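Structural features, examined
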Number of protein chains: 2
Amino acid sequence: MKRTKVVDLLKDAALIGSEVLAKGWVRTRRGNKHVQFVQLNDGSTIKNIQIVFDMAKFTDEELKPVTTGSSICVRGLLVESQGKGQTCEIQAESLEVYGTADVESYPLQKKGHTLEFLREIAHLRPRTNTFGAVLRVRSTLAFAIHKFFNERGFQYLHTPLITASDCEGAGAMFQVTTLDLNNLPKDEEGKVDYSQDFFGKPTALTVSGQLEGELGATALGQIYTFGPTFRAENSNTPRHLSEFWMIEPEMAFYDITDNMDLAEEFVKYCINYALEHSLDDITFLQEMYDKDLIDRLKFVVNNDFVRLSYGEGVKILEESGRKFEFPVHWGTDLQSEHERYLVEEHFKKPVILTDYPKEIKAFYMKQNEDGKTVRAMDVLFPHIGEIIGGSEREENYDKLLARIEELGIPMKDMWWYLDTRRFGTVPHSGFGLGFERLVLFVTGMTNIRDVIPFPRTPGKAEF
Amino acid sequence: MKRTKVVDLLKDAALIGSEVLAKGWVRTRRGNKHVQFVQLNDGSTIKNIQIVFDMAKFTDEELKPVTTGSSICVRGLLVESQGKGQTCEIQAESLEVYGTADVESYPLQKKGHTLEFLREIAHLRPRTNTFGAVLRVRSTLAFAIHKFFNERGFQYLHTPLITASDCEGAGAMFQVTTLDLNNLPKDEEGKVDYSQDFFGKPTALTVSGQLEGELGATALGQIYTFGPTFRAENSNTPRHLSEFWMIEPEMAFYDITDNMDLAEEFVKYCINYALEHSLDDITFLQEMYDKDLIDRLKFVVNNDFVRLSYGEGVKILEESGRKFEFPVHWGTDLQSEHERYLVEEHFKKPVILTDYPKEIKAFYMKQNEDGKTVRAMDVLFPHIGEIIGGSEREENYDKLLARIEELGIPMKDMWWYLDTRRFGTVPHSGFGLGFERLVLFVTGMTNIRDVIPFPRTPGKAEF
């Protein structure tokens, strides 16, 4: 007999009255000497199916191993439920116990656990309601991303993780080596002899796939990346991971307005897709952690984003009369408090700021004619501030080269990138979205370590 | 006026007779003093759109920069083509040149290039027909994979790339560190003091997400991974990359038969999806590189895979009368020549071999009652041999622990994995597919460096 998943047992009304086979993990068991009730979960949904054991048919001994965390296989009749809170339940006919979970040592007993404690047992936390919900929402969002770009003719480009460039400048990097650190080869000057390393030179883990993404876009038209990215900063904050996933679309023939249109459509699509496909999980998370969650998600989906320049934004902040922790004036990088003021208090809508001072943005952004600003765009969200950063790219070879030289970026890392501007250069644009930022926003969780299965942070590389 | 992509210009009959805007890169220009023909490509399809310049309307000077590799924007009337080989063409009304491509220095002139040469300019090769086609097929296959698992309720699980375990045993690993190699901290014994490294201990790049995948499957039910994986072996072969992408589904409550069913359905689905969605590109690759390509793909899609045990397979090989380079008998690992004999000559169908000797398979595979074999399964394909490797997993705590101790795997790396068998263990299975192997098979390319955008191999980490 074929097993039916819990998600299907609960939603397929045609199954009522038929014999079914359910497999899963016991969340709780309660009852009396006449009847025992087991809440069974198999990971396919946040919801449990109730199994009813008529104790005239089963012995106490048989049910004894059926404790929280144990795994069982139950055959029985699926019937409409008399109890509150569930639509149907299984009247057990037979029981097989696959695996026990010792009550003394199994850490996930019925009582609630702090998120901090669950981080220490990240190998088991996907078995909790919270992390089951978060990981399903994460998976739903990942699929939405692929679907969005696929439907629009973008090619998914796998950019490399190991890189010999150190020019990306987006952050500190992890070195990658096969040299024996306890027995390093040295050159004549006593320095490490990298000619003997695996790639014949120093290599590191990438901080961004954008530059390679531009190579793809200037050949295939529209591409996106979606892969792991690394930062070796020693930042122990609820907003930073050492290893995280990033989405970086890059589009030939897109100017900054096309770029803003795409970014707005993209992020709305993903959030809406999650609301449509993971509403049970999101509702659970709302009830547990964040009462305004669904309203906030709908607020983003249903509002046009306000678009204005950085200069206009700074002016609003200066004239707001608000005392910010970090003073703001033209030229400063905006802090989360500034971004949230604009979004949550001034406009009460998501905001896209454009045309930032070139000094606070990356070398590859298209320079405006004012000589002071670049065609950057940041998308700002309630609750979290910046969620997307992007720009139109500088497609003029001479201007790009001048900026690279001005900033002292080593040309050995740049020749191949400059070739895109030497040969058939085109107007193009792109942006980056930190995937975990999006998952944070959609799940309402507040610590980024709780939206990735096995977080890597300073001092932490368990599991 | 809004740009229309070439793929849409060529297929949307409703556009014929209307004014259109096309943007892209010039592949070739030819003609005479009365009329000039430009083949324009924008990466959206292998096909070019022909632009016709009536030289009564344009000057030679205007067209001078329109050389191979330059980028242009053309407005004009889309009309049915009189020429052979194209359905429609654009009669140019206006021309804007975005970027030139100097004829002396642009490496991708009209003449053909060897794949070896193109590997040296991997930053530009996506602009060629071959690599455009390969990268679009790669993207199509990636989407097929996500779609397949999504439709079946699998959760996409992002397993970590940086790992402190060295137990996976699937291959040599790259070390990841933030220590300054020219100024290493040492402990009292003169060894590297890893307590000062980023994670407080030695870390490396993962060779497989499977063990973490099992953590996901024993919570969420069915999961899959699809991410980068690394091997630091010094293998310079057409079949090995140092950085590649792998798909690893893992399913609770699946036995080896369920696993085989899924693997067969999965790989057929992906190949069929590529045939349906990337036929232009596959047809081009067939014409250029591999005359039997589409027949071979259909052969796999349309045949039931033969299933037999390793023992039966070895018997067939022994009795074949064939002289193999590597002699074969029970207990030897099968070589590609053996696998291909079974698939291409004996059965003339894809083959799934099961129940391999435990000595040649990994510690986590479920042990059969004969004490000699494990519930492994390898899927063997024409042309390339093994494409998928998997197994039912050993779910019995004592048997798994005994095997781990037998093989001397360090327990510090194993406690969290063993917890899945201590707490609510379930029968489960999974498999792994090297993504580039699948792309090789579907594109008919023969060197794995030609099916990933920017290959990493010993000594090579460019771009």
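Per chain, residue numbering runs from 1 following the sequence as it is written. Chain letters and ligand numbers both follow the written order, the letters beginning at A and the numbers at 1. The model is predicted, so local features are restricted to residues of pLDDT at least 70 and side-chain atom pairs to those at 80 or more, both for listing and for counting; the totals for chains, interfaces and linings are taken over all residues. Only hydrogens and water are set aside; all other atoms, that is, all heavy atoms of the structure, feed into the side-chain values.

**Examining the overall build of chain A**
- Helix and strand content of chain A: 13 helices and 16 strands.
- Exposure categories follow from relative accessible area, calculated using a 1.4 Å probe and restricted to protein chains: below 20% of the type maximum is buried, above 50% is exposed, and the middle band is partly exposed. Sorting the 463 residues of chain A into buried and exposed places 62% on the buried side.
- We call two residues in contact when some of their heavy atoms are within 4.5 Å. For chain A, restricting intrachain contacts to residue pairs at least 6 apart in sequence, the fraction spanning at least 24 positions comes to 66%.
- Under the convention used here, a 1.4 Å probe and the Shrake-Rupley method define accessible areas, while residue burial counts only the protein chains that appear. About 18200 Å² of surface is accessible on chain A, with carbon and sulfur atoms providing 47% of the total.
- With 54 positive and 70 negative side-chain charges, chain A shows a spacing of 6 Å between the two charge centroids. Helix and strand assignments come from DSSP, with helices taken as H or I runs of at least 4 residues and strands as E runs of at least 2, each series counted from the N terminus. We score Asp and Glu as negative and Lys and Arg as positive, and we do not count His or the chain ends. To locate a charge, take NZ of a lysine, CZ of an arginine, CG of an aspartate or CD of a glutamate.

**Some words on the sheet that holds strand β6 (residues 155-156) of chain A**
All names here are of chain A.
- Pairing between strands is defined by DSSP: at least two bridges between them are needed. Pairing is mixed across the open sheet formed by 8 strands, whose spatial order is β6-β10-β11-β16-β15-β14-β13-β12. In this open sheet, the two strands that pair with only one neighbour each are β6 and β12 (306-309).
- Together, β6, β10 (222-230) and β11 (243-252) form the strand contacts of helix α4 (residues 129-151), whose direction differs from that of β10 by roughly 150°.
- In the packing of helix α5 (residues 210-220) onto the sheet, contacts are made with β6, β10, β11 and β16 (428-434), and the angle to β11 comes to roughly 30°. Here an axis means a line fitted to C-alpha atoms, over the contact stretch when the element is a helix, while the angle between two N-to-C directions is reported on a 0 to 180 degree scale.

**Here's the deal with the interface of chain B and chain A**
- Opposite the 108 residues of chain B that make contact, chain A presents 108 residues.
- Values labelled buried area give the accessible surface lost by two parts on being combined, using a 1.4 Å probe and summing over both. Both sides of the chain B and chain A interface together cover about 8700 Å² of buried area, and 64% of this is carbon and sulfur.
- Take a side-chain nitrogen of Lys or Arg and a carboxyl oxygen of Asp or Glu: if they are within 4 Å of each other, that pair is a salt bridge. Seen at the junction of chain B and chain A, the total is 2 salt bridges.
- Between A:K201 and B:E462 there is a salt bridge, and its shortest N-O distance comes to 2.8 Å.
- Here a polar contact is taken to be a pair of N or O atoms separated by no more than 3.5 Å, where protein atoms must pair a possible hydrogen donor with a possible acceptor and residues adjacent in sequence count only if both atoms sit in side chains. Counting every contact that joins chain B to chain A gives 41 residue pairs in polar contact (both at pLDDT 80 or more).
- Among the elements that take part in the side of chain B that touches chain A, helix α4 (residues 129-151) of chain B stands out by supplying 10 residues, more than any other.
- The nonpolar class holds Ala, Val, Leu, Ile, Met, Phe, Trp, Tyr, Cys and Pro. Asp, Glu, Lys and Arg form the charged class, and all remaining residues, Gly among them, are polar. Across the side of chain B that touches chain A, the residue classes break down as 51 nonpolar, 36 polar and 21 charged.
- Across 3 bridges, the pairing between strand β8 (residues 175-177) of chain A and strand β8 (residues 175-177) of chain B is antiparallel.

**A look at the relation of the copies chain B and chain A**
- Superposition of the copies used a least-squares fit over C-alpha atoms from residues whose pLDDT is at least 70 in both. With an axial shift of 0.0 Å and an RMSD of 0.0 Å, the rotation relating chain B to chain A amounts to 180°. The superposition operator between the copies reduces to a two-fold rotation axis. Scanning chain B for the C-alpha nearest the rotation axis identifies B:V176, at a separation of 2.4 Å.
- Taken together, the interface assignments show that 100% of the residues at the interface of chain B recur at the interface of chain A, consistent with an identical surface on both copies.

**A few points about the domain arrangement of chain A**
All names here are of chain A.
- Delimitation of the domains relies on an automatic or database domain assignment. Taken domain by domain, chain A comprises domain 1 (6-99) and domain 2 (127-170 + 207-450).
- Taking the mean C-alpha position of each, domain 1 and domain 2 sit 45 Å from one another.
- Contact residues are listed per partner, giving 8 residues for domain 1 and 8 residues for domain 2.
- Both faces combined, the contact of domain 1 with domain 2 buries some 600 Å², and carbon together with sulfur accounts for 40% of it.
- The tally of links between domain 1 and domain 2 comes to 1 salt bridge.
- One salt bridge in this structure joins D280 and K47, with 3.6 Å as the shortest N-O distance.
- Along the contact surface separating domain 1 from domain 2 lie 3 residue pairs in polar contact (both at pLDDT 80 or more).

**Description of the side chain of B:Q39**
Residue and element names in this part refer to chain B.
- Inspection of the secondary structure puts Q39 in strand β2 (residues 35-41).
- For Q39, a relative accessible area of 16% corresponds to the buried category.
- In this structure the side chain of Q39 is engaged in a polar contact, spanning 2.9 Å, whose partner is the side chain of Q50.
- Every residue in contact with Q39, bar those within four places of it in the chain, is listed here: W25, V26, R27, T28, N48, I49, Q50 and Q86.

**Thoughts on the nonpolar core**
- One finds A:I271 and B:I271 to be the most contacted residues of the largest nonpolar core, which totals 142 residues.
- Sequence-distant contacts of B:I271, that is, excluding residues within four places in its chain, are made with B:L297, B:V300, B:V301, B:F381, B:L438, B:F441 and B:V442. Throughout, nonpolar core names a set of buried Ala, Val, Leu, Ile, Met, Phe, Trp, Tyr and Cys residues whose side chains join them through atoms within 4.5 Å.

**Points about the packing of aromatic side chains**
All names here are of chain B.
- When the centres of two rings from Phe, Tyr and Trp lie within 6.5 Å, Trp using its six-membered ring, the rings pair. Their planes under 30 degrees apart give stacked, over 60 give edge-to-face, and anything left gives tilted. Counted according to the given criterion, the structure contains 63 aromatic pairs over all chains.
- Pairing F226 with F435 gives two aromatic rings, centres 5.1 Å apart and planes at 65°, and the pair type is edge-to-face. Highlighted residues: F226 in strand β10 (residues 222-230) and F435 in helix α13 (residues 435-443), separated in sequence by 209 residues. Comparing F226 with F435 shows no difference in burial state: the two are buried.
- On the basis of an interplanar angle of 85° and a centroid distance of 5.7 Å, the ring pair of F324 and Y341 is categorised as edge-to-face.

**Details of helix α9 (residues 310-318) of chain A**
All names here are of chain A.
- For α9, every residue scored as buried is listed here: Y310, G313, V314, I316 and L317. Projected onto a plane normal to the axis of α9, the buried residues spread over an arc of 160° and lie on a single side.
- Where α9 is buried, its residues contact β12, α10 (336-347) and β13 (351-357). As used here, the arc belongs to the directions running from the helix axis to the C-beta atoms.

**Brief notes about the side chain of A:T373**
All names here are of chain A.
- Within the secondary structure, T373 sits in strand β14 (residues 373-381).
- By relative accessible area, which is 8% here, T373 ends up buried.
- Among the polar contacts listed, one links the side chain of T373 to the side chain of D370, at a separation of 2.6 Å.
- Setting aside anything within four residues of it in sequence, one finds T373 in contact with W330, D355, Y356, P357, K358, K366, Q367 and N368.

**Side note on the environment of A:Y310**
All names here are of chain A.
- Following the sequence through the fold, Y310 ends up in helix α9.
- For the pair Y310 and D355, spaced 45 residues apart in the sequence, the C-alpha separation amounts to 5.8 Å.
- The contacts of Y310, once residues within four sequence positions are left out, are H329, W330, G331, T332, L334, L353, T354, D355, Y356, P357 and I360.

**Notes on the sheet that holds strand β5 (residues 88-99) of chain A**
Residue and element names in this part refer to chain A.
- One closed barrel holds the 5 strands; their spatial order is β1-β2-β3-β5-β4, and the pairing between them is mixed. With direction set aside, neighbouring strand axes in the sheet form an average angle of 55°.
- Sheet topology places strand β3 (residues 49-54) next to β5; 3 bridges connect them, and they run parallel. Note on β5: the bridge partner recorded for I51 is I90.

**What to know about the environment of B:C88**
- With respect to the secondary-structure elements, B:C88 resides in strand β5 (residues 88-99).
- Contact partners of B:C88, with chain neighbours within four places excluded, come to B:L9, B:L10, B:I16, B:I49, B:L78, B:V79, B:E80 and B:S81.

**A short note on the packing of α4(A) against helix α13 (residues 435-443) of chain A**
Residues and elements named next belong to chain A.
- The geometry of α4 relative to α13 is characterised by a closest axis approach of 10 Å and an angle of 125° between their N-to-C directions. On the basis of the axis angle, α4 is oblique to α13. Here α4 runs over α13; the crossing is right-handed. Along the contact surface, α4 presents V134, V137, R138, L141, A142 and I145, while α13 presents F435, E436, L438, V439, V442 and T443. Orientation categories follow fixed angle ranges, with anything under 35 degrees roughly parallel, anything over 145 roughly antiparallel, 65 to 115 roughly perpendicular, and all other angles oblique. Rotating anticlockwise by less than a right angle from the far helix to the near helix defines a left-handed crossing, while the corresponding clockwise rotation defines a right-handed one.

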